[in-house]
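# Fold and geometry: a report
Now for the letters of each chain:
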Amino acid sequence: MTGSGQNAPDLFADAMLAVRLLRIDPGLGGIVLRGDGAAQDAVVAALCEGAVVRRVPRNVDLDRLVGGLDLGATLAAGRPIAQRGLLAEANGGMLVMPGAERADDMVVSQLCAAIDSGMVVVERDGVALRDAARFAVVALDDGIEDERIATGLAERLAFRFDLSGIAPHAFRIPDVPPHGEVAVDDEQLHAIAATAAALGVESARGALLTLRAAKAIAALGGWDAVSDLDIATAARLVLGPRATRMPAPESEAPPDSEPPPPPEDNPGDQGDGEVRRLDDMVLEAALASLPRDVLAAIAAGQGRGPISRARGKGAKRKSPTRGRAIGVRAGLPRGGLRLSLIDTLRAAAPWQRLRGRDDSRIRVRRDDLRIRRFETRAEATTIFAVDASGSSAVARLAEAKGAVELLLAEAYVKRAQVALVAFRGEGAEILLPPTRSLARAKRALAELPGGGGTPIAAGLAAAHDLAIAAAAKGRTPFVVVLSDGRANIALDGGTDRAAAAGDAEAAAKAIGESGIAGAFVDISPRPRAEGERLAAAMGARYLALPRADAGTMHAAVRAVAPK
C-alpha cells in the first residue's frame, strides 16, 4: 500500500500516492510541490488528468478570483450582471497556483476561506453570488532561496513534497474505486495524536488530515477499516513534513531498578503495551520522511516555522499616494489621491436604469467616485550592538565581526539601513550612525578594537536611543546584540558587578517595553544564564551559539529577523 519501504521513502512514489488519495478525498485540501523539473511536471499532469483545472495568475484580482460584477455586461444592460470567479469554476477539480510562495495575501485569505467552507460568497457592487467551491489546490513552490508558501494555506494542504533533483519513473495511476465509510479505532487515533505531539506539530489540522489520509489509503485498498500500516503511511505523508522538532528521547530506567511485574488479571495494561508499539511504529514511519534540510534545522534547535516572503523589510503601513495597490475606497481624487476609473464605473454601473439612462452615456455621481489605496513597507534599520570587551575572546570577536559583515551585505542588498554600536571599557560608542553605505560600515567594523570591561547597559542604552530615533522617522528598527551577557561595568562607570547587572537588565527592559524587536546572540564559549535573562527582558530571541562561526551566526540572526 505504501509503494515504498518505510526506511527509504521514494518521494516520487509517495507524491503519486498522494495524487491517488486526493482523487479519493478532495477534502485533503491539496498538495505543495517544491522545486521544478520533470518529476513535478509528472505529478501535476497526473493530478490534472481528466479533471476540471483552473490556474490562478500571479496578478489575479478579487473579481476574477471569487467573482463579482461583470462590468461590460452591466454597462450594456444597465442592470447588475454577475460573473463567477476561478474558485467557483474549479469546483470538483483542481486549482493550480504557479509561484504560490509569492501569492498575494488577498489570494491566500480567499483560498483559505473557500477551503474551509467549500463555498464562495460574494455580496458587493449590487450583486450576490453563492457558489460551491470544493477543489484540491496544487501549490507550486519554485524553491527559490528561503521563500515558502504562506503558513495559513500550507496548513490546509495535506501533502508537501520537495521534488528538487528527483527523477520521475514510470507510474500508472489506476482508476479510483468507489468507497464507503471506513472505520478507525481509538488506539489508532491515539497513535496519530501522540506522533503529532512528539514531532511538535501544534496545529490540529495536521492530525486531522493524517486521519483523513489513512481512511483514504484504506479506501484505496478496498478495505472497510483502517490498518496500522495505513496509519503509519499517512503519518509519513502528512506529519513527517510538518515536524518542527525531534522526539524527546525516552528516559532510561535506573540500572538497579527492577522491571515491573507482568500484568495478571488487568487487561487494560496489555492494551497500553499495544498502544505503545503502534505509537513507535507510526513515529518511526513519520521520521523516515523528514527532509534533509528539516533534519538540519531541527538538529540546530531552530525548528521550522513560517518563513517570511519579505525578510529584512520593515513593517507594512498604509499610504494614500504610493506603494502596492491594496484596494479602493469611496472618496474624492484631490490632494494627490488617485482616481480608480474602473472601480468608479463599477460603482455606478448597477444604478444606470434607476438614474434614467436612455442613451450610451454613463451617469456617474459624486458618491460613485473611488480612489486607490496603497500599502508601503517602512524601511528597516538593523542596529548591531557588539560587545568588544576583553571578556569576548579575540577569536569570538572575529567571528562576530564576520557575522555582522554578512548581515551588513544583506541589508545593503535590501536597501535597508544599518547602524553599529560598540561597547567596551567604560562606555559605548556609536561607530556607525544609520546608513546604507556598505563600505563605510565595513570600515567601521574593521576598526573595532577589543579589550576592557563590559558595559552592557551603556551599549543597550545607545542601541535603544538609535532604535527610538529610527522609529520616530517611520522606520522599523531591529536590535541585534552580540555579547556574552556578563556585565561588569555599571552605567556610572563603577565596577560593582551587581550594579552592572542591574543596569543591564533595566536597559534591556526599556528596549522590550518600547516594543522594539531584537535578537540576543550569546557568543560566549560557555553560555550561562545572564544572556538568556537579558534576552527575556528585551523580549528578544535568545540564540546561544558557543562554537558557531560567522556563517552560522549570520544564518541564525537572519532566521529571526522581522517578517
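The structure this text deals with has already been given above.
Residues numbered from 1 in each chain as written. Predicted model: local features only at pLDDT ≥ 70, side-chain atom pairs only at ≥ 80, totals over all residues. Heavy atoms only, no water.

### Let's talk about the overall build of the protein chain
How we decide: Per the convention used, a helix needs a DSSP run of H or I reaching at least four residues, while a strand needs a run of E reaching at least two, with both numbered from the N terminus. In this scheme, a residue with accessible area under 20% of its type's maximum is buried, one over 50% is exposed, and one in between is partly exposed, where area comes from a 1.4 Å probe on protein chains only. Reported accessibility uses the Shrake-Rupley method at a 1.4 Å probe radius. Residues are deemed covered only where the shown protein chains occlude them.
When helices and strands are counted, the protein chain shows 19 helices and 18 strands. Taking all 563 residues of the protein chain together, 44% fall into the buried category. Put simply, the protein chain shows about 27,200 Å² of open surface, and 52% of that area lies on carbon and sulfur atoms.

### Overview of the side chain of Asp387
Let me state the cut-off plainly: The charged-residue count follows a simple rule in which Lys and Arg add positive charge and Asp and Glu add negative charge, with His and chain termini not counted at all. The rule for a salt bridge is simple: a side-chain nitrogen of Lys or Arg has to be within 4 Å of a carboxyl oxygen of Asp or Glu. Within 3.5 Å is the distance limit for a polar contact, defined as a pair of N or O atoms, with the added protein rule that one can donate a hydrogen and the other accept it, and that residues adjacent in sequence qualify only through two side-chain atoms.
Among the structural elements, Asp387 can be located in strand β13 (residues 380-387). For the buried Asp387, no salt bridge exists, and the shortest N-O distance to an oppositely charged side chain is 8.7 Å, to Arg486. Polar contacts involving the side chain of Asp387 include one to the side chain of Ser483, which spans 2.9 Å.

### Some details on helix α2 (residues 38-48)
The criterion, for reference: The contact rule is simple, with two residues in contact once any of their heavy atoms fall within 4.5 Å.
Along α2, the residues classified as buried are Ala39, Gln40, Val43, Val44, Ala46, Leu47 and Cys48. Structurally, α2 contributes buried residues whose contacts are with α1 (11-24), β1 (30-34), β2 (53-55), β5 (94-97) and β8 (136-141). Gly50 sits one or two positions beyond α2 and adopts a positive phi of about 75°.

### Quick notes on the packing of helix α17 (residues 497-513) against helix α18 (residues 529-538)
In plain terms, the rule: Helix axes are fitted to C-alpha atoms over the stretch in contact, other axes to C-alpha atoms as well, and angles between N-to-C directions run from 0 to 180 degrees. Lys, Arg, Asp and Glu make up the charged group, whereas Ala, Val, Leu, Ile, Met, Phe, Trp, Tyr, Cys and Pro make up the nonpolar group; the residues left over, Gly among them, are polar.
Close contact between α17 and α18 brings their axes to 6 Å; oriented N to C, the two are set at 35°. Across from Ala504, Glu505, Ala508, Lys509, Ile511 and Gly512 in α17, the residues of α18 making contact are Leu534, Ala537 and Met538. Taken together, the residues that form the contact of α17 with α18 break down as 6 nonpolar, 1 polar and 2 charged.

### A short note on the sheet that holds strand β9 (residues 159-162)
In sheet architecture, strand pairing relies on hydrogen bonds along the backbone and comes in two forms, parallel and antiparallel. Quick reminder of the rule: When DSSP finds two or more bridges between a pair of strands, those strands are recorded as paired.
Here 5 strands make up an open sheet; going across it, the order is β2-β5-β8-β1-β9 and the pairing parallel. Either end of the sheet is taken by a strand with one partner, and the two such strands are β2 and β9. The sheet shows a mean angle of 15° between the axes of neighbouring strands, taken without regard to direction. Alignment of β2 against β5, held across 3 bridges, turns out to be parallel. Residue Arg55 lies in a different strand from β5, and its bridge partner there is Val96.

### Observations concerning the pairing of strand β14 (residues 417-424)
By the criterion of burial, β14 is predominantly enclosed, with 7 of the 8 residues buried. For β13 and β14, the ladder comprises 7 bridges, and the chain directions are parallel. By the bridge assignment, Phe384 is partnered in β14 with Leu420. In this sheet, strand β15 (residues 427-435) lies alongside β14 in antiparallel orientation, the contact comprising 6 bridges. Note on β15: the bridge partner recorded for Ala422 is Glu429. Between the end of β14 and the start of β15, which pair antiparallel, lie 2 residues, with Gly425 showing a positive phi angle near 65°.

### Some thoughts on the sheet that holds β15
Read from one edge to the other, the open sheet built from 6 strands follows the order β15-β14-β13-β16-β17-β18, with strand pairing classed as mixed. Edge strands, defined here as strands with exactly one partner in the open sheet, are β15 and β18 (541-544). Strand-to-strand twist across the sheet, computed as the mean angle between neighbouring axes with direction ignored, equals 15°. Note: β13 against strand β16 (residues 476-483), 7 bridges, orientation parallel. Across the sheet, residue Ala380 finds its bridge partner in β16, namely Thr476. Relative to the sheet, helix α15 (residues 438-446) contacts β14 and β15, its axis offset from that of β15 by approximately 165°. Against the sheet, α18 contacts β16, β17 (517-522) and β18, and its axis sits at roughly 180° relative to β17.

### Re the pairing of β18
Selection criterion: For the handedness criterion, the strands are oriented away from the viewer, and a crossover whose path from the first strand over the helix to the second runs clockwise is classed as right-handed.
When β17 meets β18, the two strands line up parallel, connected through 4 bridges. By the bridge assignment, Val521 is partnered in β18 with Leu543. In this view, the connection linking β17 to its parallel neighbour β18 by way of α18 has right-handed handedness.

### So, the pattern of salt bridges
Taken as a whole and judged by the stated rule, the model has 15 salt bridges. Note that Asp63 is salt-bridged to Arg124, the shortest N-O span being 2.3 Å. One end of the pair, Asp63, is in helix α3 (residues 62-66); the other, Arg124, is in strand β6 (residues 119-124), with 61 residues separating them in the sequence. We classify Arg124 as partly exposed; its relative accessible area is 24%. Ionic pairing is found between Arg102 and Glu101, a salt bridge with its closest N-O pair at 2.7 Å. Taken together, the salt bridges that share partners define one network made up of Asp63, Arg124, Asp343 and Arg346.

### Thoughts on empty space enclosed by the protein
Here is the rule: Of the grid points, spaced at 1 Å and generated over the protein atoms alone, those admitting a 1.4 Å probe that cannot get out make up cavities, while open sets with protein on both sides within 12 Å along at least five of seven lines make up pockets; any residue with an atom within 4 Å of a point is treated as lining. Grid points are joined across faces, edges and corners, and a volume is the space filled by probe spheres set on the points.
Applying the stated criterion across every chain, the model contains 4 cavities of 30 Å³ or more. By volume, the second largest cavity amounts to about 60 Å³. Around the second largest cavity, the lining residues are Val56, Pro57, Arg58, Val60, Met97, Pro98, Gly99, Ala100, Ala103 and Val107.

### Thoughts on the nonpolar core
Heads up, the rule is: The term nonpolar core refers to a set of buried residues drawn from Ala, Val, Leu, Ile, Met, Phe, Trp, Tyr and Cys, joined through side-chain atoms within 4.5 Å.
Residues Leu21, Ile31, Leu33, Val43, Val138, Phe159 and Phe161 are the most contacted members of the largest nonpolar core, which totals 55 residues. Setting aside chain neighbours within four positions, we find Leu33 in contact with Gln40, Val43, Val44, Val138, Ala139, Leu140, Asp141, Phe161 and Leu163.

### A few points about helix α16 (residues 456-472)
This is how it is decided: By this rule the span expected of a helix is its residue count minus one, scaled by 1.5 Å.
Across its 17 residues, α16 extends 24 Å between first and last C-alpha, which sits within 8% of the 24 Å expected from 1.5 Å per residue. Where α16 is concerned, the buried positions are Ile456, Ala457, Ala458, Gly459, Leu460, Ala462, Ala463, His464, Leu466, Ala467 and Ala470. Close packing links the buried residues of α16 with β13, β14, β15, β16, α17 and α18.

### Concerning the environment of Ala504
Along the chain, Ala504 falls in helix α17. With 48 residues separating them in the primary sequence, Ala504 and Ile456 have C-alpha atoms 5.6 Å apart. Setting aside anything within four residues of it in sequence, one finds Ala504 in contact with Ile456, Ala457, Leu460, Ala487 and Leu534.

### Digging into the environment of Arg346
As for its position among the elements, Arg346 is in helix α13 (residues 341-348). In this structure, the C-alpha to C-alpha distance between Arg346 and Asp125, residues 221 residues apart in sequence, is 7.1 Å. Dropping the residues within four chain positions of it, Arg346 is found in contact with Asp63, Leu69, Leu71 and Asp125.

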